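# Structural overview
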Amino acid sequence: MPSNHPVAPAAETPHSPTPPAGAVAPTPAEQRKVLGASFVGTAIEWYDFFIYGSAAALIFGPQFFPSEDPIAGTLAAFATFAVGFIARPIGGLLAGHFGDQIGRKKMLLITMLVMGGATVGIGLLPNFATIGVWAPILLVVLRFVQGLGVGGEWGGAVLMAVEYAPRNRRALFGAFPQMGLPVGIIVSNLVFILVTATLAPEAFEAWGWRVPFLVSALLIIVALYLRFKVEDSPVFQQTQENDEVHRFPLGELLRHHGWTTLLAGLASAASPAIGYLYSVYMLSYGTEALGLPQPTMLWLIVGGAVVHLVTVLLGAMLADRFRQKSVFVVGAALVVLGAFPFFWLVDTAQPVLILLGFAVLLLAQSFMAGPQAALVAELFPANVRYSGASTAYQIGSIIGGGFAPLIATSLYASFGASWPISLYILALGVLALVAILPLRTGRFDASWESSR
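These numbers were taken from a predicted model, which means no experiment stands behind them. (Residues numbered from 1 in each chain as written. Predicted model: local features only at pLDDT ≥ 70, side-chain atom pairs only at ≥ 80, totals over all residues. Heavy atoms only, no water.)

### Considering the overall build of the chain
Condition: Starting at the N terminus, helices and strands are each numbered in turn, a helix being any DSSP run of H or I of at least four residues and a strand any DSSP run of E of at least two. Residue burial is assigned from relative accessible area. The probe radius is 1.4 Å, only protein chains are included, and a residue is buried under 20% of its type maximum, exposed over 50%, and partly exposed in between. Two residues qualify as a contact provided that any one of their heavy atoms is within 4.5 Å of a heavy atom in the partner residue. Using the Shrake-Rupley algorithm and a 1.4 Å probe, accessible areas are obtained, with residue cover drawn only from the displayed protein chains.
Helix and strand content of the chain: 19 helices and 0 strands. Buried residues in the chain amount to 59% of all 452 residues. Here the analysis covers contacts within the chain between residues at least 6 apart in sequence; of these, 87% occur between residues at least 24 apart. In the structure as shown, the chain presents an accessible area of about 16600 Å², 71% of it carried by carbon and sulfur atoms.

### Quick word on the environment of I110
Inspection of the secondary structure puts I110 in helix α4 (residues 104-123). Under the relative-accessibility criterion, I110 is labelled partly exposed at 41%. For the pair I110 and G149, spaced 39 residues apart in the sequence, the C-alpha separation amounts to 8.0 Å.

### Overview of the pattern of salt bridges
This is how the line gets drawn: The term salt bridge refers to a pairing of a side-chain nitrogen on Lys or Arg with a carboxyl oxygen on Asp or Glu at a separation within 4 Å.
Summed over the entire model, instances satisfying the criterion amount to 6 salt bridges. Among the salt bridges present, the one from E153 reaches R227, with a minimum N-O distance of 2.5 Å. Residue E153 is located in helix α6 (residues 134-162), and its partner R227 is located in helix α9 (residues 211-228); the two are separated by 74 residues in the primary sequence. Here E378 ties to R170 by a salt bridge, and the two come within 2.8 Å at their closest N and O atoms. Note that E378 is positioned in the loop between α15 (351-377) and α16 (385-400) and R170 in helix α7 (residues 170-198), a separation of 208 residues in sequence. A relative accessible area of 4% places E378 in the buried class. Three or more residues joined by partner-sharing salt bridges are found here, namely D100, R104, E163 and R385.

### Notes on helix α17 (residues 404-415)
Filter applied, for reference: Here the expected span of a helix is defined as 1.5 Å times the quantity of residues minus one. This arc is built from the directions going out from the helix axis to the C-beta atoms.
Here α17 contains 12 residues, and its C-alpha end-to-end distance of 16 Å stays within 8% of the 16 Å for a straight helix at 1.5 Å per residue. Along α17, the residues classified as buried are A404, P405, A408, T409 and L411. One side of α17 carries all its buried residues, which in axial view fall inside an arc of 165°. Within α17, the exposed residues directed more than 90 degrees away from the buried face are A413 and S414. Positive backbone phi, approximately 65°, marks G416, located one or two places after α17.

### Considering unusual backbone geometry
Positive phi, close to 65°, is recorded for A349, a residue that is not glycine. By the element assignment, A349 lies in the loop between α14 (324-346) and α15. Residue classification places A349 among the partly exposed residues on the basis of a relative accessible area of 21%.

### A closer look at the side chain of T391
You can see T391 is positioned in helix α16. Residues within four places of T391 in sequence aside, it is in contact with L93, L250, L253 and T261.

### Here's the deal with a nonpolar patch on the surface
Heads up, the condition is: Grouping into patches uses exposed residues only, defined as over 30% relative accessible area, and leaves out salt-bridged ones; the cut-off is 9 Å for like charges and 5 Å for nonpolar side chains (Val, Leu, Ile, Met, Phe, Trp, Tyr).
Taken together, the side chains of F128, I131, V133, W134, I137, L138 and V141 make up a nonpolar region of the molecular surface, amounting to roughly 600 Å² of accessible area. Every element with two or more residues in the nonpolar patch is listed here: α5 (128-131) and α6. Element by element, the count of residues in the nonpolar patch is highest for α6, at 4 residues. Mapping W134 onto the fold places it in helix α6. The exposure class assigned to W134 is exposed, which follows from its relative accessible area of 54%.

### Section: the side chain of T119
Under the convention used in this document: The term polar contact refers here to a pair of N or O atoms within 3.5 Å; inside protein, the definition further demands a hydrogen-donor-capable atom paired with an acceptor-capable atom, and it admits residues adjacent in sequence only when both atoms are side-chain atoms.
Within the secondary structure, T119 sits in helix α4. Given the relative accessible area of 0%, T119 is considered buried. A distance of 2.9 Å separates a polar atom in the side chain of T119 from a polar atom in the side chain of Q146.

Here you go:
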């Protein structure tokens, strides 16, 4: 299909950050402000999302799904965790549609308010003993709203960062919102560690578990302030000036980029699955199957998140040095190779070896997550980029992310062993390899540069 975007001037090299005549290059101060807002805002969104996962593993079973069988209660709690992932593609579609029409910044403010409101609502929600069956129903509704918020967050935060970046640093800029994910894990688990360490078990069960959710109200105010202070993406502003905004960007995406969106979504499935297996499922697996104390597992998950934070940055730097697709392929191959060694190390029940297992798998995941933001964004032209990036990412999330803890719990309950979960991880790595190889990257570089 012929591109609607103007062709970049011949004098401009593919790696030049210099914009064409008539466009204004973002200053370093503006770029730092955008990176800070993207990083902090995304970290808070993921904090909101992950405290639900920690609470599902630790407390939601008896609070909202009382049962004589603890595994049944945990399964029910993880099922509500998965509800958020059913909502995420809807949130991604809505935010992508309006983000391509009215701008990245406005949608990021809206998604932050939606996510924060739902999180605080969970913190105020009466339990089953108080209002009966309405408690789990309202919990599911609020989790669904959380999913809508975070579903639109990733695409907007990534595009704000990547579209402000010079050509040869897109993966590095895109890694800042990606690093918000491990920071969200770190902060959410530290808050739970603090609450469980300072309160008696009875107090934690009665009201203490609500504290991490209510803290979100303060964090949301900080994130909104930072996001109000940044200008919208220069790429989107140029798209508006060129009168290239589509009335129905999702329809344009599906007509002309449907196959690309599907492949990008399939390629994106392994990364979130690994993230949620490690950050959510490992908490219940370590305490119930391995018999380790909850504080030990929480600290191990925090340690893994620190490794993830560093290795995501490493993956992005390598992607800018070599090629985004090449680094992603290496990461997917490492997932395949590391699927069984991961559980061999975890099943020793030795904290040092468990942390080593986390590091092995998270290094593989980071080689996909590091280049992922820029890689997915570059697959689409600017006027459908929010729709394309959000839809692809959320396809991957619902396939590989939301149901991963539920699938892992069911596999262990059925077989009484970890090897079926290793096979599941291996299959996700193979899926990522099969989907990423046919994708054509760099197709819209010229129009990208000319719209800056």
